[in-house]
Number of protein chains: 2
Amino acid sequence: MKKQLNKKLSDKEAMALAIEEAQKGLGFVSPNPPVGCVLLNKNREFLSSGFYSHYGAIHAEIRALNKIKDKKLLEKAHLFVTLEPCFHFGQNPPCVNSLIKYPWASLTYGTEDPNPKTNRKSIKKLKSKGFKVKKTIFFEKKLQRLYEAFALNMKEKRAFFALKTASSLDGVTAFSHGESQWITNRESRDLAHKLRADFSAILIGVNTFLQDNPRLNCRRKAKKNITNKVIVLDPSGKSFSLIERSHLARVRPMKDIYIVSQRKPKTKYPFQLIHLSDYPFNLKELSYILYNKNISSVLVEGGAETLSQFLEQKQAQRLYCFINPCLLGGKRGQYWTESLNIRGLSSKKQLKSVEILYLNEDLFVTGLVF
Amino acid sequence: MKKQLNKKLSDKEAMALAIEEAQKGLGFVSPNPPVGCVLLNKNREFLSSGFYSHYGAIHAEIRALNKIKDKKLLEKAHLFVTLEPCFHFGQNPPCVNSLIKYPWASLTYGTEDPNPKTNRKSIKKLKSKGFKVKKTIFFEKKLQRLYEAFALNMKEKRAFFALKTASSLDGVTAFSHGESQWITNRESRDLAHKLRADFSAILIGVNTFLQDNPRLNCRRKAKKNITNKVIVLDPSGKSFSLIERSHLARVRPMKDIYIVSQRKPKTKYPFQLIHLSDYPFNLKELSYILYNKNISSVLVEGGAETLSQFLEQKQAQRLYCFINPCLLGGKRGQYWTESLNIRGLSSKKQLKSVEILYLNEDLFVTGLVF
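Because the structure is a prediction, the values reported are computed rather than measured.

**As for the packing of aromatic side chains**
Where two aromatic rings form a pair, the distance of their centres and the angle of their planes describe that pair.
Consideration 1: Tallying each qualifying case throughout the model produces 19 aromatic pairs over all chains.
Consideration 2: With 3.5 Å between their ring centres and 5° between their planes, Tyr335 of chain A and Tyr335 of chain B make a pair best called stacked. Of this pair, Tyr335 of chain A sits in strand β15 (residues 333-335) while Tyr335 of chain B sits in strand β15 (residues 333-335), on two different chains.
Consideration 3: The class for Tyr335 of chain B is buried, based on a relative accessible area of 4%.
Consideration 4: Between the aromatic rings of Tyr320 of chain B and Phe364 of chain B, the centroid separation amounts to 5.9 Å while the plane-to-plane angle is 15°, which identifies the pairing as stacked.

This is the structure:
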């Protein structure tokens with residue numbers, strides 16, 4: 001959406017713009033949540049916007065406020081913010097204390113802050129001061145996606161896991177003779193790269209590492225400074241001796257590469273080792289370990305064995321499927337769920353809050369996993 | 001859409017209504033095509049509508065015209081018809097001869113009649129008489145679907161084959177222990193029943209017949225009089241002795257049940273036998289045979305082996321997928337394309353003109369197969 005001074009915006013448009021602002025921070029603000037803010041004057045005309053740009057930066061609301069020199073413009077103004085303003089002292093003073101100084105006609109927020117230090121306290125405080133405070137009725141699914149990782153982080157002090165797949169309409173992700181590139185189209189691959197920016201780390205199994213030697217970076221202009229951390233699940237340590245010369249290490253510092261293994265290298269090693277004794281790895285245990293290492297959200301990109309492990313252990317919170325509307329067949333094709341063991345219909349993994357995008361001819365399907 | 005006398009309609013609304021009218025005839029008009037017609041007066045207000053209701057009935061245009069007592073209302077009126085009006089004498093005289101008698105301001109058609117007896121001839125005739133004739137710019141995919149079977153019938157004198165599947169998001173259609181019912185939701189199953197009404201016959205493999213003992217009828221109120229013909233692919237004749245006591249025979253006369261087999265029963269038999277000597281059956285050959293038996297379009301409902309045969313022999317013109325957004329996994333689940341043999345990405349079966357509907361939480365994906 002184009003930001004145009006004095007342009008009249010509906011509630012829906014203002015919140016849409018606030019969400020767009022918030023998304024600019026994705027990839028830079030972790031472990032804090034992204035936030036966007038839009039201010040309209042008493043006639044609902046656009047005044048300013050702001051977003052939380054990087055960890056430790058000025059908060060979105062204050063950034064939007066600071067852009068307004070003549071504070072008289074805030075008389076009966078309307079504020080839209082994607083997340084409940086903060087109540088607590090962190091690297092910034094509480095936003096709610098700044099906000100109550102102005103004569104707002106209304107304050108609209110996207111979702112309550114799941115952080116227990118704030119959760120609903122700012123809303124209550126603003127209401128007690130006589131402000132009209134309301135939760136937006138728009139973009140429920142988008143806001144859910146924006147804050148689901150942060151909500152899990154706050155509530156359970158562990159990392160959020162999402163799975164990403166690229167396949168044909170019949171679920172085939174590669175051929176047994178190894179041909180796997182380009183099942184999905186350019187638009188899909190572009191969005192897949194953008195998606196990486198939204199996560200603290202990308203996770204793969206060691207077989208994917210050995211077969212594909214991937215980079216797993218974010219080849220998207222707007223987010224080109226981002227190189228995600230990488231996690232490799234490697235029970236027997238096959239990657240130990242190879243990792244330094246891999247593509248993974250070519251596009252990021254070694255300190256950003258985590259290998260989860262039952263083994264320990266015998267000599268000094270340059271990567272980060274997460275030692276877990278049991279295999280299959282206890283992925284819930286891993287989620288706590290990662291969160292303590294400041295990895296708050298993880299995109300699991302494969303292969304099939306690894307994806308199935310997350311689903312079977314109920315450690316996949318969201319699924320992102322990129323689907324090319326073609327059929328590849330199971331005689332020579334490999335299905336991405338072929339190692340997934342589900343006992344029967346009553347145990348199926350159901351997607352909820354499903355959203356679908358068309359990416360040229362491809363389909364992008366995402367939903368929460370239950 | 002509600003038909004309301006004197007209600008002003010846009011070009012798009014008028015064609016939408018004409019398509020709705022045409023669809024009422026689906027299941028009753030075969031081997032003729034469904035047609036709908038809408039008439040607006042000079043101020044573009046609704047006058048009347050008509051559809052081709054059953055094989056041999058009055059044509060849609062004439063039915064719409066007949067509803068108008070005072071023919072003065074047709075002064076500078078606008079006609080919308082889903083298919084080019086007919087040019088030839090069949091069971092009705094040519095519609096184009098009736099239409100040129102009235103002082104139309106415009107005639108808009110959905111698609112050219114693929115029947116060589118008419119193809120573009122009526123359009124040319126109307127234009128030569130000075131009428132403003134145009135093809136609609138709306139509903140390209142819908143109109144394509146409405147006439148694709150008829151177009152193949154006319155051009156190649158053979159039956160049209162479409163495939164229907166119901167599966168999870170990962171392409172699983174049943175469990176190896178036999179549990180297969182209700183993967184998709186009520187809305188999907190409702191639409192799947194409605195879909196049957198659009199085809200002359202439903203086709204299954206003999207294993208599906210033996211395992212499921214299905215009825216394959218159209219359990220939809222609006223089309224409840226329709227009991228499709230049924231075709232069973234049964235190379236070794238396992239169904240011969242069972243068919244009379246099956247559910248298939250309970251809901252339709254035996255003369256509407258076709259068994260395609262390499263074998264011939266030794267005694268007199270009550271069903272229709274199509275004897276083909278080679279197996280796998282030559283499905284293109286079958287398409288010619290069926291067309292000659294007045295079966296112009298066939299919905300192939302499974303199982304997996306049968307669906308794959310149609311895809312591999314390039315005899316699947318369209319695919320209808322009902323998808324519940326859940327994962328069932330390949331360890332115990334059966335993928336509907338598991339017997340499909342595709343050599344590599346360059347041989348993939350690509351869907352074009354893809355359309356997607358949401359059926360409550362289910363997805364309905366359809367497209368032409370290339």
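**Topic: the sheet that holds strand β8 (residues 201-205) of chain A**
Consideration 1: Strands sit in the order β11(A)-β10(A)-β9(A)-β8(A)-β12(A)-β6(A)-β13(A)-β17(A)-β16(A)-β14(B) across an open sheet of 10 strands; the sheet is mixed. Every interior strand has two partners, whereas the edge strands, β11 (272-275) of chain A together with β14 (326-327) of chain B, have only one.
Consideration 2: Note that strand β16 (residues 349-359) of chain A and β14 of chain B share two bridges and pair antiparallel. Paired with Lys349 of chain A across the strands is Leu327 of chain B, a residue of β14 of chain B.
Consideration 3: Contacts between helix α6 (residues 186-196) of chain A and the sheet are confined to β6 (160-168), β8, β12 (297-302), β13 (318-324), β16 and β17 (362-369) of chain A, with β13 of chain A contributing the most and set at about 160° to the helix.

**Side note on the relation of the copies chain A and chain B**
Consideration 1: At an RMSD of 0.0 Å, chain A and chain B line up after a rotation of 180° and a shift of 0.1 Å along the axis. In the structure described here, the two chain copies are related by an operation that fits a two-fold rotation axis.
Consideration 2: Of the residues that chain A buries at the interface, 100% are likewise interface residues in chain B, meaning the two copies contact each other through the same surface.

**Side note on the pattern of salt bridges**
Consideration 1: Inspection of every chain in the model, using the stated rule, returns 24 salt bridges over all chains.
Consideration 2: Between Glu112 of chain B and Arg120 of chain B there is a salt bridge; the shortest N-O distance is 3.9 Å.
Consideration 3: The class of Glu112 of chain B is buried, set by a relative accessible area of 13%.
Consideration 4: Put simply, Lys3, Glu21 and Lys24 of chain A are held in one network by salt bridges that share partners.

**Regarding the interface of chain A and chain B**
Consideration 1: Of the residues lining the interface, 43 residues belong to chain A; the matching set on chain B comes to 43 residues.
Consideration 2: Looking only at chain A, the three residues that lose the most surface to chain B are Leu169, Leu327 and Leu345 of chain A, adding up to 18% of its buried area.
Consideration 3: There are zero salt bridges connecting chain A and chain B.
Consideration 4: The tally of links from chain A across to chain B stands at 24 residue pairs in polar contact (both at pLDDT 80 or more).
Consideration 5: The set of elements that each furnish at least two residues to the side of chain A that touches chain B consists of β13, β14 (326-327), β16 and β17 of chain A.
Consideration 6: Here the element with the most residues in the side of chain A that touches chain B is β16 of chain A; it accounts for eight residues.

**Examining the pairing of strand β3 (residues 78-83) of chain B**
Residues and elements named next belong to chain B.
Consideration 1: With six of six residues buried, β3 lies mostly within the body of the structure.
Consideration 2: In this structure, strand β1 (residues 36-40) lies alongside β3, joined through four bridges in antiparallel fashion. Paired with Leu40 across the strands is His78, a residue of β3.
Consideration 3: In this sheet, strand β4 (residues 106-111) lies alongside β3 in parallel orientation, the contact comprising five bridges. Bridging from a neighbouring strand, Leu83 pairs with Thr111 of β4.

**Digging into helix α1 (residues 11-24) of chain A**
All names here are of chain A.
Consideration 1: With 14 residues, α1 should cover 20 Å at 1.5 Å per step; its first-to-last C-alpha distance of 21 Å lies within 8% of that length.
Consideration 2: Within α1 the residues assigned to the buried category are Ala14, Met15, Ala16, Leu17, Ala18, Ile19, Glu21 and Ala22.
Consideration 3: The inward-facing, buried residues of α1 contact β1 (36-40), β2 (46-51), β3 (78-83), β4 (106-111) and α5 (140-156).

**Brief notes about the side chain of Glu112 of chain B**
Residue and element names in this part refer to chain B.
Consideration 1: Structurally, Glu112 can be placed in the loop between β4 and α4 (121-128).
Consideration 2: One polar contact links Glu112 to Tyr109, side chain to side chain, over a distance of 3.1 Å.
Consideration 3: Here Lys135 takes part through its side chain, which lies 3.1 Å from a polar atom of the side chain of Glu112.
Consideration 4: Apart from residues no more than four positions distant in its own chain, Glu112 is found in contact with Leu83, Glu84, Asn119, Arg120, Ile123 and Lys135.

**Points about the packing of α1 of chain A against α5 of chain A**
Residues and elements named next belong to chain A.
Consideration 1: Running from N to C, α1 and α5 point in directions that differ by 25°, and their axes come no closer than 12 Å. Considered as vectors, α1 and α5 are oriented roughly parallel to each other. In the packing of α1 onto α5, the handedness of the crossing is left-handed. Packed against α1, whose contacting residues are Ile19, Ala22 and Gln23, the element α5 presents Lys142, Leu143 and Leu146 at the interface.
Consideration 2: Considering only residue class, the contact of α1 with α5 consists of four nonpolar, one polar and one charged.

**What about the confidence of the model for chain A?**
Consideration 1: Taken over all residues, the pLDDT of chain A has a mean of 93, while the share at 70 or more is 98%.
Consideration 2: Per the prediction output, this complex has pTM 0.91; the corresponding ipTM is 0.90.

**Some thoughts on the state of the cysteines**
Consideration 1: Enumeration according to the criterion identifies zero disulfides over all chains in this entry.
Consideration 2: Cys321 of chain B takes part in no disulfide bond, and the closest cysteine sulfur, belonging to Cys326 of chain A, lies 12 Å away.
Consideration 3: Exposure remark for Cys321 of chain B: the relative accessible area of 2% places this residue in the buried category.

Criteria and thresholds
- Residues numbered from 1 in each chain as written.
- Chains lettered and ligands numbered in written order.
- Predicted model: local features only at pLDDT ≥ 70, side-chain atom pairs only at ≥ 80, totals over all residues.
- Heavy atoms only, no water.
- Phe/Tyr/Trp six-rings, centres within 6.5 Å; stacked < 30°, edge-to-face > 60°.
- Helix = DSSP H or I, 4+ residues; strand = E, 2+ residues; numbered from the N terminus.
- Buried < 20%, exposed > 50% of the residue type's maximum accessible area, 1.4 Å probe, protein only.
- Pairing = 2+ DSSP bridges.
- Contact = heavy atoms within 4.5 Å.
- Axes fitted to C-alpha atoms, helices over the stretch in contact; angles between N-to-C directions.
- Least-squares fit on C-alpha atoms with pLDDT ≥ 70 in both.
- Salt bridge = Lys/Arg side-chain N within 4 Å of Asp/Glu carboxyl O.
- Buried area = accessible area lost by both parts, 1.4 Å probe.
- Polar contact = N/O pair within 3.5 Å; in protein donor to acceptor, adjacent residues only side chain to side chain.
- Expected span 1.5 Å × (residues − 1).
- Parallel < 35°, antiparallel > 145°, perpendicular 65-115°, else oblique.
- Left-handed = near helix turned anticlockwise from the far one by under 90°.
- Nonpolar A, V, L, I, M, F, W, Y, C, P; charged D, E, K, R; others polar.
- pLDDT = per-residue confidence, 0-100.
- Disulfide = S-S within 2.5 Å.

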